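Examining the three-dimensional arrangement
Each chain is listed here by its residues.
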Amino acid sequence: MLQQIYPQAQHDYQYELNKDMQFAAAHYIPSEKAGVCQQVHGHTYFVNVTIAGDELDDTGFLVNFAKLKKIVHGKFDHTLLNDHASFDDQNPEKFPTTEVVAKTIYEMIQKELDELPNKPKCVQVFVRETPTSYVVFRPKKEKKSW
Ligand SMILES: [Zn+2]
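Okay, so let's go over this structure. Remember, predicted model here, so these are calculated numbers, not experimental data.

**As for the coordination of the zinc ion**
Taken together, the protein donors to the zinc ion comprise His27 (NE2), His41 (NE2) and His43 (NE2), at separations of 2.0 to 2.1 Å. Here the donor residues of the zinc ion are spaced in sequence according to H-x13-H-x1-H. Residue histidine 27 is located in strand S1 (residues 15–27), and its partner histidine 41 is located in strand S2 (residues 41–53); the two are separated by 14 residues in the primary sequence. Take histidine 41: its relative accessible area is 22%, and that puts it in the partly exposed class.

Following this line, the structure appears as structure tokens:
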């Protein structure tokens, strides 16, 4: 759902940036409890990531929008999510559910943001898997500097 309004992340940073993106990917949930989702099937995932910070870089960016797209779309588009090392068919905490996909996207993005001199923070990841289902992941406050 591009151009929609997303839930707000609470924070005290001066700047907030949001990037919408989408990618097409297949997955399956390797558990009998997942019902038909045990079968390989595909989704067009709609993702919104929220980045916040008090400092801009020497180009006037909190973070380059294109960099965020590259991190997520560049890695997952037209792939089978179960094939990625981030996910693990043997570990239920790492099955590629919408929840785990959202958390994984957070970790991928924050890892890259930690390399930037202005130290922006990813404060929210919104992942829509179907027109009627989405997940919001927000890191716990104790892991943030605010
Ligand atoms: Zn699915």
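**Notes on helix H2 (residues 98–113)**
Its 16 residues place the ends of H2 22 Å apart at the C-alpha level, agreeing with the 22 Å of an ideal helix rising 1.5 Å per residue. Within the sequence span of H2, burial applies to Thr98, Val100, Val101, Ala102, Thr104, Ile105, Tyr106, Met108, Ile109, Gln110 and Leu113. In this structure, the buried residues of H2 make contact with S1, S2, helix H1 (65–76), strand S4 (121–130) and strand S5 (133–137).

**A short note on the packing of aromatic side chains**
This structure, assessed with the given rule, holds six aromatic pairs. Ring centres 5.6 Å apart and planes at 45 degrees place the aromatic pair phenylalanine 23 and phenylalanine 76 in the tilted group. Residue phenylalanine 23 is located in strand S1, and its partner phenylalanine 76 is located in helix H1; the two are separated by 53 residues in the primary sequence. An angle of 25 degrees between the planes, with centres 4.6 Å apart, marks the rings of phenylalanine 126 and tyrosine 134 as stacked.

**Thoughts on the side chain of lysine 19**
Within the fold, lysine 19 resides in strand S1. If sequence neighbours within four positions are ignored, lysine 19 has contacts with Val47, Asn48, Val49, Phe65, Leu68 and Lys69.

**A closer look at the nonpolar core**
If you look at soluble globular proteins, the nonpolar side chains tend to sit buried side by side. Judged by nonpolar contacts, the single largest core of 29 residues is most densely connected at Phe23, Val49, Ile51, Ile105, Ile109 and Val125. Broken down by secondary-structure element, the contributors of at least two residues to this core are S1, S2, H1, H2 and S4. Broken down by element, this core gets its largest block of residues, eight residues, from H2. Setting aside anything within four residues of it in sequence, one finds isoleucine 105 in contact with Phe23, Val47, Val49, Val72, Phe76, Val125 and Val127.

**So, the pairing of S2**
Sheet topology note: the S1/S2 ladder contains 13 bridges and is antiparallel. Paired with glutamate 16 across the strands is alanine 52, a residue of S2. In the sheet, S2 pairs with S4 via seven bridges, with the strands oriented antiparallel. Bridge pairing links isoleucine 51 to cysteine 122 in S4.

**Topic: the sheet that holds S1**
Spatial strand order, S3-S1-S2-S4-S5: five strands in an open sheet with mixed pairing. Of all strands in the sheet, those with a lone pairing partner are strand S3 (79–80) and S5, marking the two edges. Here S1 pairs with S3 via two bridges, running parallel. Bridge pairing in S3 places alanine 25 opposite threonine 79. Lying over the sheet, H1 contacts S1, S2 and S3, oriented at roughly 15 degrees with respect to S1. Taken strand by strand, H2 contacts S1, S2, S4 and S5, and its axis lies near 145 degrees from that of S4.

Calculation rules
Residues numbered from 1 in each chain as written. Predicted model: local features only at pLDDT ≥ 70, side-chain atom pairs only at ≥ 80, totals over all residues. Heavy atoms only, no water. Donors = N, O, S within 2.8 Å, 3.2 Å for Na, K, Ca; no water. Helix = DSSP H or I, 4+ residues; strand = E, 2+ residues; numbered from the N terminus. Buried < 20%, exposed > 50% of the residue type's maximum accessible area, 1.4 Å probe, protein only. Expected span 1.5 Å × (residues − 1). Contact = heavy atoms within 4.5 Å. Phe/Tyr/Trp six-rings, centres within 6.5 Å; stacked < 30°, edge-to-face > 60°. Core = buried A, V, L, I, M, F, W, Y, C linked by side-chain atoms within 4.5 Å. Pairing = 2+ DSSP bridges. Axes fitted to C-alpha atoms, helices over the stretch in contact; angles between N-to-C directions.

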